[in-house]
Amino acid sequence: MALLEIKNISMQFGGLKALSDFSFAIDQGELVGLIGPNGAGKSTAFNAVTGVYKPTKGQTELAGRRIDGLSTVQINHAGIARTFQNIRLFTQLTVLDNVLIGFNQSGTHGLLGAIVRSPKFAREREKFKGEAMALLKTLKLDQFAAWQASSLPYGDQRRLEIARALATGPKILCLDEPAAGMNPQEKIELTGLIRFIRDRFGVGIWLIEHDMKLVMALCERITVLDHGETIAVGTAEQVQGDPKVIEAYLGEPEK
Amino acid sequence: MSVAGGQLPLETPVRRHLSAPLVANWWVPLAVVLVVALAPWVEGGRGLLGMGGWDKFWAQIAIVVGINLTLAMSLQLINGIAGQFSLGHAGFMAVGAYIGGYAVPTHGGKLGAEDEMVAWVHPGGVLLYVVALGVVTVATAGVVFGLYKLVGLLGRVHKRGPAVVFGVLLAWLVVDIVTKGKSAGSNPLGAIAALGWGSAAVTGSFDWIMLRGVGAAEWVSGVTPAGYRQPACLVVSLLGGGVMAAMAGLVVGLPTLRLRGDYLAIATLGVSELIRTTITNSGPLGRATGLSVPTYSVDAEAGVSAVYFFPWVYGVAILTILVVWRIQHSPKGRALQCLREDEIAAGAVGIDVTAHKVLAFVIGAGLAGMGGALFAHYIGYINPKQFDLTKSIELVVMVTLGGLGSVPGTIVATVLLSLFQPALQTANQWMPAWAPGWATSGAELLNKYRLVIYSLLLIVAILVRSRGWLSFGRGKKA
Amino acid sequence: MPDWLQNLIQTLILGLSIGAIYALIAVGYTMVYGVLRLINFAHGDVYMVGAMTAYFVGTAGFTVLSWPWWGSPLLWAPVFGAVFLAVFYGGGKGWALEAVRAFFVAAAALVFGGLISLWIGSMDKPGWAGVGLALVAAMVVCGALGMLIELLAYRPLRSSPRINSLITAIGVSMLLMYGGQAVFGATPKAFPAPVMDNPFLFQVGGISLGKIDAMIIGVTLVLMLVLRHIVLHTRTGLALRAVSHRFDTASLMGIHIDRIVSLTFVLGSVLAAAAGVLIACKFPSVNPLMGLMMGLKAFVAAVLGGIGNIAGAVLGAVLLGLIEVMVNTYVPGGSQWKDGVAFAILIAVLLIKPSGLLGGKAIEKV
């Protein structure tokens, strides 16, 4: 049984069926992709799994425990972290604070401890600061630690969002179009970064992307969506040659 | 300017909007507060400018400033740090004021030698009242919540179930009231038997606790050394007011979770007004006429009370500032700021949005309740009009002009705004003897129009802080 | 007819009448919210200005025309304009010029009011005609006031976070309230309602319809129909609806946003002024603080019906009026809870269906 199992999820908004019968599985350490033309329902699938939406039908299981219908917060505590298509950093906070937030749930001192500044509070503050700086260093963001998050260059902002997601200690990391808005050089660096994260942290990575080269280079397994339905599943070569996939992206060949 | 390597020169955009703090360091707030707090002590009690120390002008201002500091700082936690726009802070203040203000005279006094009510001698009584109130409130809330869940379960059985049940009950209530008319003795709550029984149960259990606890209350008062009974009464009054206000904050925070921005603002406004209406309709609380509250004086002599009250006021103010500051600079505070920025992203990073919102409301409300109790014991006479929308707005203005999320800025803004009205009111007295006639009549005009000037300054201040000077029409601000 | 039914119908008529007043004010709130997503806290005070203007005009006391030259609005308008240009010039010529123009319009409105006041003064028994003229004068003055408020207090903050505009709105509200208090005194003034030998329009089977109630409902109906015509059947109305749907896109379609927003305020203020005059006829006592509570309740009505939706505002207002009057009549001790009813309804709406009775649901795209 895979770590994250998605079974026949459907997502209906009033009359619009955004996602039908979506099934999927990902295990720890796997690098998997989700592609499809615009409006295919990729972000909807993410949102349904991470708790932003409640699936109209279907089940999601993480390590055998049902998580569909839980809130984003509960799902994050269970072990799934995500990034967003439009970067949603906490712009007014510093880079370090953005990452420290991820460690919030691991703290055990309470509110009273914070107010009276108990020794436990002080200890945990140092500990998490150390861990956060280490994480930033791993992702080569440590020199920006005191900067305001919004003043980072675009590529670094994306990396910060990934760092923040990693700080929550997830078992599965969901990346929503991480390469959006990057130039080719940055995309190459991102490819290396994603592989590095998988190797270093052992998380399963689920990727939505539009950039074919990136997806084909990174993902061991790819699912293709079109109009909410799964039209192909397989390795990069299998999916590339699948006529249905080609038709979805380029339309029917002229007769 | 050369642009190297595809990277633009980095600069933090000038943030000229309401999150920019009015004051960024601690020296200014410290200085300002010290001046205000120490002014009455100057010259052995004669006060600054020789305008009278303790029983006059400066003492009153210093105390009002202290109370406002507590209130504004508690609101800063909700509005500034957590980013929830609350327009109903006066409601929490009112809860604290009325609870403390009612408990002390009614339950904290004893009949003295000449059959006269002596105040501040029975801390046990005040404690009993507050405990009874608290227990009954929690129990009632629990029952209501349980019913709510029950109705929700009904909804699982049949989707329209709860709506139908509710509609039938409502229709029954309305028909019953309409056909019976306004006959004496008809109780709208009695129209639906369950509601009538429920309200009787609530009042009944409250009375029962009060009756059973008399002995324990006497014991508590006996155990407290004689000299400490008055401070003990005050402490219970403050804490009781604070706790009840915190419960009110819970009641406000939980249902308004889903609301954002404007909607939250008007919901808090509505709750505050509802609290006020409840008070206005409550006989024991004095209805619209108001309630007389014993002031905290050691000596019955008029005017000496302020000295003894002063440390309490500033003690609570400093406690509030400390608590809010420490929360802000802790992981919980960070979480609140994330909540303020982006609720969805906060949820995605594992921050329990619900819990943190409620936390901000509960703590903010509790501190405001303490401020309200202080207010009641200082001013000696409270009525619902003092806690209306205007008061909430005054507090919002203090917090916003100081900078949303900035503790030092709020301190400065609060002090300045608290001084504003008294300054205009007594502009006459500020005038040195040699000032020409037009200056004096100008001062009178200032007094007459002081609220108008206040509103004009408010508008101009917001316009300027939002757009900066001399830049009207220049286009969008950063 | 049974007693209780008689009572009920009489109560319903009263409720309808009060509801009509709420409707006139609520529509202004809802239109401004629909277009700017702003709660115009000052709207209730525009209603108050309408009532006060009608009072002064109706008692032939609107003596602007007799002010000495240095107090005359005709002089102050260009003076204000010059000051604004001087202080705030910085490429803001467009706005500053509009400000000058707005002040001239306001001055003209005041002059118009003064003329009407003189006319009424020349009649020996103004009666209904006087009320009608006062109504017109109040609507003109408040229309100008609404336009001025939008231009000076809200437009400069249009690109700032909404909390700024909210606080400014509160500031304007306080300015009108306390300014009115300082200038006119806080004591309520007696509005010159027309004296009638028979106060009832008709009496049938124990149910009576008062002339004033009939007038209130009638005038409201007429104004609502006019508004409906403007919004649904004119190009300007179409532009208004477009702006309330999508602010930015509307300007791309060639709609002059500033003009539409100004018009929205003018329309809302005109209706609020009418409400002020009508209520002054019914409860002939006006004072500078009457706008606060009324504004809040009308706002609740707008939220009840679905804020941003004009039909919703009317529906919510009528419902609120009916419920309030019924609580007052039927619930023992209800006259004290009357004001609280509005807020209880507000809380209930926000908890159960924040988008109101006729409002739609908005889903945020992640």
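Please read all numbers here as calculations on a predicted model, not as lab measurements. (Residues numbered from 1 in each chain as written. Chains lettered and ligands numbered in written order. Predicted model: local features only at pLDDT ≥ 70, side-chain atom pairs only at ≥ 80, totals over all residues.)

A.B. asks: Honestly, the overall build of chain B in this entry has me stumped. Any pointers?
C.D. replies: The helix and strand tally for chain B stands at 20 helices and four strands. Buried residues in chain B amount to 45% of all 478 residues. Counting only contacts in chain B whose residues sit at least 6 apart along the sequence, the fraction spanning at least 24 positions is 72%. (Helix = DSSP H or I, 4+ residues; strand = E, 2+ residues; numbered from the N terminus. Buried ≥ 20, exposed ≤ 12 C-beta atoms within 10 Å, placed from the backbone. Contact = placed C-beta atoms within 7 Å.)

A.B. asks: Mind showing me how you'd approach the overall build of chain A here?
C.D. replies: Along chain A, the regular secondary structure elements total ten helices and ten strands. The globule rule puts the C-alpha radius of gyration for 255 residues at 18 Å, and the 19 Å found for chain A is close to it. Along the first, second and third principal axes, the C-alpha set of chain A runs to 75 × 40 × 35 Å. In chain A, the proportion of contacts linking residues at least 24 apart, taken out of those at least 6 apart, comes to 66%. (Rg over C-alpha atoms; globule rule 2.2 N^0.38 Å.)

A.B. asks: Mind showing me how you'd approach the packing of helix α5 (residues 123–157) of chain B against helix α9 (residues 214–223) of chain B here?
C.D. replies: Packed helices, taken two at a time, are described by the angle between their axes plus the distance between the axes. Residues and elements named next belong to chain B. Packing of α5 against α9 leaves a shortest axis separation of 7 Å and a crossing angle of 135°. Between α5 and α9, the angle falls in the class oblique. When the axes of α5 and α9 are compared, the crossing they make is right-handed. Here Pro123, Gly124, Gly125, Leu127 and Leu128 of α5 come into contact with α9, specifically with Ala216, Ala217, Glu218, Trp219, Val220 and Ser221. (Axes fitted to C-alpha atoms, helices over the stretch in contact; angles between N-to-C directions. Parallel < 35°, antiparallel > 145°, perpendicular 65-115°, else oblique. Left-handed = near helix turned anticlockwise from the far one by under 90°.)

A.B. asks: When you look at the pairing of strand β7 (residues 172–176) of chain A in this model, what are you seeing that I'm missing?
C.D. replies: Consecutive side chains along a regular strand alternate between the two faces of the sheet. Residue and element names in this part refer to chain A. Burial within β7 is extensive, with five of its five residues counted as buried. Side chains Ile172, Cys174 and Asp176 of β7 all project onto a buried face; the interleaved residues Leu173 and Leu175 project onto the opposite face, where all are buried too. Note that strand β6 (residues 80–82) and β7 share three bridges and pair parallel. Bridge pairing in β7 links alanine 81 to leucine 173. Pairing of β7 with strand β8 (residues 204–208), which is carried by five bridges, proceeds in the parallel orientation. If you follow aspartate 176 over to β8, its bridge partner there is isoleucine 208. (Pairing = 2+ DSSP bridges.)

A.B. asks: Which parts of the structure should I look at to understand the sheet that holds strand β10 (residues 229–234) of chain A?
C.D. replies: Strand pairing in a sheet relies on backbone hydrogen bonds, with the paired strands running either antiparallel or parallel. All names here are of chain A. An order of β6-β7-β8-β3-β9-β10 is seen for the six strands of this open sheet, with the pairing classed as mixed. Taken across any chain shown, the strands that pair with only one partner, and hence form the sheet edges, are β6 and β10. On average, each strand axis in the sheet is tilted by 20° relative to the strand beside it, whichever way the strands run. Two strands pair when backbone bridges link them, and strand β9 (residues 221–226) and β10 are joined in this way by five bridges, in the antiparallel orientation. From the neighbouring strand, leucine 225 faces β10, where its bridge partner is threonine 230.

A.B. asks: Would you take a moment to explain the sheet that holds strand β4 (residues 57–62) of chain A for this structure?
C.D. replies: Residue and element names in this part refer to chain A. Across the sheet, which stays open at both edges, the four strands sit in the order β2-β1-β4-β5 with antiparallel pairing between neighbours. The open sheet has two edge strands with one neighbour each: β2 (16–26) and β5 (65–66). Across five bridges, the pairing between strand β1 (residues 4–13) and β4 is antiparallel. Along β4, the bridge assignment pairs glutamate 5 with glutamate 61.

A.B. asks: What's the story with the environment of glycine 403 of chain B in this structure? I'm lost.
C.D. replies: With respect to the helices and strands, glycine 403 of chain B occurs in the loop between α16 (389–402) and α17 (407–425). Between the C-alpha atom of glycine 403 of chain B and that of alanine 413 of chain B, which follows or precedes it by ten residues, the distance is 8.7 Å.

A.B. asks: How do you make sense of helix α6 (residues 162–184) of chain C when you look at a structure like this?
C.D. replies: Because each turn of an α-helix spans 3.6 residues, side chains separated by three or four positions end up pointing in the same direction. All names here are of chain C. In a regular helix each residue adds 1.5 Å, so 23 residues correspond to 33 Å; α6 covers 33 Å between its end C-alpha atoms and thus fits that length. Counting buried positions along α6 gives 17 out of 23 residues, so the element sits mostly inside the fold. Just past α6, the residue glycine 185 takes up positive phi, approximately 80°. (Expected span 1.5 Å × (residues − 1).)

A.B. asks: For this particular structure, what's the right way to read helix α6 (residues 154–167) of chain A?
C.D. replies: Residues and elements named next belong to chain A. Counted at 1.5 Å a residue, the expected span for α6 with its 14 residues is 20 Å, and the 20 Å between its end C-alpha atoms agrees. When you tally the buried positions in α6, you get twelve out of 14 residues, the bulk of the element. Taken together, the buried positions of α6 are Gly155, Gln157, Arg158, Arg159, Leu160, Glu161, Ile162, Ala163, Arg164, Ala165, Leu166 and Ala167. Considering only its buried residues, α6 is in contact with β6, α3 (95–102), α5 (119–138), β7 and α7 (184–201). Glycine 169 lies just past α6 and shows a positive phi near 70°.

A.B. asks: What should I look at first to understand unusual backbone geometry in this one?
C.D. replies: Across the chain, the bulk of peptide bonds are trans and the bulk of non-glycine residues have phi less than zero. Even without being glycine, asparagine 8 of chain A reaches a positive phi, approximately 55°. For asparagine 8 of chain A, the location among the structural elements is in strand β1. Overall, the presence of 13 C-beta atoms within 10 Å leaves asparagine 8 of chain A in the partly exposed class. Phi angles above zero are rare outside glycine, and arginine 37 of chain C is one such case at about 55°. Its place among the elements puts arginine 37 of chain C in the loop between α1 (3–36) and α2 (43–58).

A.B. asks: Help me understand the packing of helix α4 (residues 89–107) of chain B against helix α10 (residues 229–253) of chain B, please; the structure alone is not making it clear to me.
C.D. replies: Residue and element names in this part refer to chain B. Relative to each other, α4 and α10 sit at 145°, their axes nearing to 8 Å. Judged by the twist between their axes, the crossing of α4 over α10 is right-handed. Counting all contacts with α4, which are made through Phe92, Val95, Gly96, Ala97, Ile99, Gly100, Ala103 and Val104, the residues of α10 involved are Cys233, Ser237, Leu238, Gly240, Gly241, Gly242, Met244, Ala245, Ala248 and Gly249. Its residues assigned to classes, the contact of α4 with α10 comprises eleven nonpolar, seven polar and no charged. (Nonpolar A, V, L, I, M, F, W, Y, C, P; charged D, E, K, R; others polar.)

A.B. asks: It is not clear to me how the confidence of the model for chain B should be interpreted in this structure. Could you clarify?
C.D. replies: Residue and element names in this part refer to chain B. With 77% of its residues at a pLDDT of 70 or more, chain B has an overall mean of 77. A low-confidence stretch, residues 1–16 (pLDDT under 50), is modelled with 13 contacts involving residues beyond four sequence positions or located in other chains. In the predicted structure, residues 299–303 sits below a pLDDT of 50 and forms three contacts with residues beyond four places in sequence or in another chain. (pLDDT = per-residue confidence, 0-100.)

A.B. asks: Looking at this structure, how should I read the environment of phenylalanine 206 of chain B?
C.D. replies: Residue and element names in this part refer to chain B. With respect to the secondary-structure elements, phenylalanine 206 resides in helix α8 (residues 193–212). As a C-alpha pair, phenylalanine 206 and threonine 137 span 69 residues in sequence and 9.4 Å in three-dimensional space. Ignoring sequence-local partners within four residues, the contact set of phenylalanine 206 consists of Ala132 and Val136.

A.B. asks: Help me understand the pairing of strand β3 (residues 31–35) of chain A in this model?
C.D. replies: Residues and elements named next belong to chain A. When you tally the buried positions in β3, you get five out of five residues, the bulk of the element. Residues of β3 alternate between two faces, with Leu31, Gly33 and Ile35 on one and Val32 and Leu34 on the opposite face, all of them buried. In the sheet, β3 pairs with β8 via four bridges, with the strands oriented parallel. Bridging across to β8, valine 32 finds its partner in tryptophan 206. The pairing of β3 with β9 spans four bridges and is classified as parallel. Looking across to β9, one finds that valine 32 is bridged to arginine 221.

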